[in-house]
Amino acid sequence: MKKFSVFLASVILTASSAFADPSLVAIPRLHSWGAELDLGWSPVELIKGTETRFWLGVEGLYKNWNYFHDPQGNELTNAVTADAGVHELNGLWFLGMTQGLAPHSTALGWSQPWKDPNLVELFGYYKGIIFHPLSSGSYWTAASIPDKNGYLQNSFLGGVGLNLLTKTNLHNLKEGVALEGSGEWAPQNLQSVAVNFQRVTAIAEGFMPLYDSNPIQKLNTFSVLGGWALAYDHLWGSSIPAEELQLIGGRLLDGVGGWVEGAGGAIRGVDIGRFDGTEKAIFNAEVRFNLPGFEITQPFTIPYLDKNLDFVPGLIAYSDAGWWNGVAGLTGGSALTGGFGIFLAVLKYGEIAVYNDHWLAGGSPYEPHTFEWHAELGMHF
């Protein structure tokens, strides 16, 4: 036991020393019912003024989603949500590289440091995912699709991004825009079951500080931030997994290992898994009202966390819109939702938010929902 304790202590000290090296970074990410750790290494600068970084990421999570289809795969317009639920464990890992093609022209953004050191960045990753269903409702149980009992998926993701976003400051404000275009390929001979698909994804997002009552004070008093996100995703292939039909690709919205829902989920107020087509587009717009911030000093030291943790609570008003096509047994359509929420941000590390949603229009042949509540670990975008 003593030898093991000495070994464990030496590993921790070695890791701490390694990540004191500025060429190495460790980035934790929180997802709903799961966590991710991304490790980056920058041993060289291939293009002057830009960053070259090699990445390794691992993630594990417990995930709930819905499957609204009959045994032939057609959409069930009168589905019971309780019979559509699927509960699963997922493991994800990736290896990749990011290469800046152009640096920022100035060291700082509008008033804050740039979020990403590269203005234009090329990226490429190998991704592996294990899908392991634990339990499900009657619709998934009756399904006759290759991915029904879980599988190992291997794919390749690549693309280019433009990033003019600044880092979030202590008032929970940031500014700028980011654009990304990507493609993903999951060839059949690299899957554990008959899965074969390709996708292209385009994403844009932007933020603008609208008001700050006391910009020179360290902690926030009252400030307002406007934000928007826009995404388009198109899938094709001989055998597209049910869960991939529901997701949006790329990495801008929630990282390489993120799980971003499509026209069900990304449109708040619409059931997760609804309108899981081969084509989907979503638009989110919200205003975040940041309330007085506060700071807590840790009574003990946790590696890689600041001694002083800064918090900002707040309120949100939002409106979401979405469009879909290629849903089996259903024509294309659109929906509009709106609502409000509350959040608590732990600056640099994550947020938790609770929303009150209302389905305002569209979604034929479904009736708009009344007000519903849902929670998210992290802001919606």
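All of these numbers come straight from a predicted model, not from anything done at the bench. Residue numbers here run from 1 along each chain, matching the order of that chain's written sequence. A pLDDT threshold of at least 70 governs which residues receive local features in this predicted model, and a stricter bar of 80 or more applies before side-chain atom pairs are shown or counted, although totals over entire chains, interfaces and linings include all residues. Each side-chain value is worked out from all heavy atoms of the structure, with water and hydrogens disregarded.

1. Observations regarding unusual backbone geometry
Of note, the phi angle at Asn172 is positive, near 65°, even though the residue is not glycine. By definition, any uninterrupted DSSP run of H or I lasting at least four residues is a helix, any uninterrupted run of E lasting at least two residues is a strand, and each is numbered from the N terminus. Within the fold, Asn172 resides in the loop between strand E6 (151–163) and strand E7 (176–186). A positive phi angle, close to 60°, is found at Phe275, a residue other than glycine. Relative to the assigned elements, Phe275 resides in the loop between strand E11 (260–261) and strand E12 (279–290). Phe275 sits in the buried class, given a relative accessible area of 0%. Buried residues are those whose accessible area, probed at 1.4 Å on protein chains only, stays under 20% of the maximum for their type, while exposed residues exceed 50% and partly exposed ones sit between those limits.

2. Regarding a nonpolar patch on the surface
Residues Trp41, Val44, Leu46, Ile47, Phe54, Leu101, Leu122 and Val160 make up a contiguous nonpolar surface patch of roughly 690 Å² in combined accessible area. Here Leu101 lies in strand E4 (residues 85–103). Residues enter a patch when their relative accessible area is above 30% and they make no salt bridge; the linking distance is 9 Å between like charges and 5 Å between nonpolar side chains (Val, Leu, Ile, Met, Phe, Trp, Tyr). With residues, only the protein chains shown are counted as cover, and all accessible areas are computed by Shrake-Rupley using a 1.4 Å probe. Definition used for salt bridges: Asp or Glu carboxyl oxygen within 4 Å of a side-chain nitrogen of Lys or Arg.

3. A few points about the environment of Val58
Of note, Val58 is situated in strand E3 (residues 52–66). Residue Val58 is classed as partly exposed on the basis of its relative accessible area of 44%. Expressed as a C-alpha distance, the spacing of Val58 and Phe94, which sit 36 residues apart in the sequence, is 6.7 Å.

4. Observations regarding the pattern of salt bridges
What the rule picks out here adds up to 18 salt bridges. The residue Arg288 makes a salt bridge to Glu286 at a minimum N-O spacing of 2.5 Å. On the basis of relative accessibility, which here comes to 5%, the residue Arg288 falls in the buried class. Since its relative accessible area comes to 3%, Glu286 is described here as buried. Asp306 is the salt-bridge partner of Lys348, the closest N and O atoms lying 2.8 Å from each other. Of the two residues, Lys348 is situated in the loop between strand E15 (333–346) and strand E16 (350–362) and Asp306 in the loop between strand E13 (294–297) and strand E14 (308–325); the sequence distance between them amounts to 42 residues. The exposed category is assigned to Lys348, whose relative accessible area is 68%. On the basis of relative accessible area, Asp306 is assigned to the partly exposed category, the value being 30%. Through salt bridges with shared partners, one network takes in Lys127, Glu184, Arg199, Asp233, Glu244 and Lys280.

5. Focus on the pairing of strand E1 (residues 24–31)
A regular strand places its side chains so that they alternate between the two faces of the sheet. Bridge analysis of E1 against strand E2 (residues 34–41) gives eight bridges, and the strand direction is antiparallel. Across the sheet, Arg29 pairs through a bridge with Glu36, a residue of E2. Any two strands with at least two DSSP-identified bridges between them are counted as paired. Between E1 and E2, which pair antiparallel one after the other, the connecting turn spans two residues, and Trp33 there sits at a positive phi close to 60°.

6. Some details on the packing of aromatic side chains
Only the six-membered ring of Trp is used, alongside the rings of Phe and Tyr, when aromatic pairs are assigned; centres must lie within 6.5 Å, and planes under 30 degrees apart are stacked while those over 60 apart are edge-to-face, with the rest tilted. A full pass over the atoms with the stated rule returns 16 aromatic pairs. Where Tyr211 meets Phe222, the ring centres are 6.2 Å apart and the plane angle is 55°; that geometry is what we call tilted. Of this pair, Tyr211 sits in strand E8 (residues 196–212) while Phe222 sits in the loop between E8 and strand E9 (223–239); the two residues are 11 residues apart in sequence, bridging distant segments of the chain. Here the aromatic rings of Tyr318 and Tyr355 are separated by 6.0 Å at their centres, their planes lie at 90°, and the arrangement is edge-to-face. With Tyr318 in strand E14 and Tyr355 in strand E16, this pair connects stretches of sequence that are 37 residues apart. No difference in accessibility class separates Tyr318 from Tyr355, as the two residues are buried. Three or more aromatic residues link up through ring pairs in this structure, and these residues are Trp65, Tyr67 and Trp140.

7. Comments concerning the side chain of Asn66
As for its placement among the helices and strands, Asn66 is situated in strand E3. Overall, the relative accessible area of 12% leaves Asn66 in the buried class. Here a polar contact is recorded for every N or O atom pair within 3.5 Å, except that within protein the pair must consist of a potential hydrogen donor and a potential acceptor, and residues adjacent in sequence are included only if both atoms are side-chain atoms. At 2.8 Å, the side chain of Asn66 and the backbone oxygen of Ile272 are in polar contact. Throughout, a contact is declared for two residues whenever any of their heavy atoms are within 4.5 Å. Excluding its chain neighbours within four sequence positions, the residues that come into contact with Asn66 are Thr81, Ala84, Gly85, Gln246, Ile272 and Gly273.

8. Considerations on the confidence of the model for the protein chain
On a scale of 0 to 100, pLDDT captures the predictor's confidence in every residue. The predicted model of the protein chain has a mean per-residue pLDDT of 90, with 93% of residues at 70 or higher. Here residues 1–19 scores under 50 on pLDDT; set against residues more than four positions off or in separate chains, the count is eight contacts.

9. Describing the side chain of Thr337
Residue placement: Thr337 occurs in strand E15. Engagement of the side chain of Thr337 in a polar contact is seen with the backbone oxygen of Arg268, the distance being 2.7 Å. With sequence-adjacent residues up to four places away left out, Thr337 is seen in contact with Ile267, Arg268, Val270, Tyr318, Ser319, Asp320, His358, Trp359 and Leu360.

10. Comments concerning the nonpolar core
Among the nonpolar cores identified, the biggest contains 25 residues, and Ala231, Leu253, Phe275, Ile282, Trp324 and Trp359 are the most heavily contacted of them. Every element with two or more residues in this core is listed here: E8 and E9. A total of three residues in this core trace back to one element, the largest contributor, which is E9. Once you skip the residues sitting within four places of it in the chain, Phe275 turns out to touch Glu75, Ala263, Val270, Trp324, Val327, Leu330, Trp359, Gly363 and Tyr366. Counting 19 residues, the second largest nonpolar core, distinct from the first, contains Tyr151, Phe197, Leu235 and Trp259. Side-chain atoms within 4.5 Å link the members of a nonpolar core, which is a set of buried Ala, Val, Leu, Ile, Met, Phe, Trp, Tyr and Cys residues.

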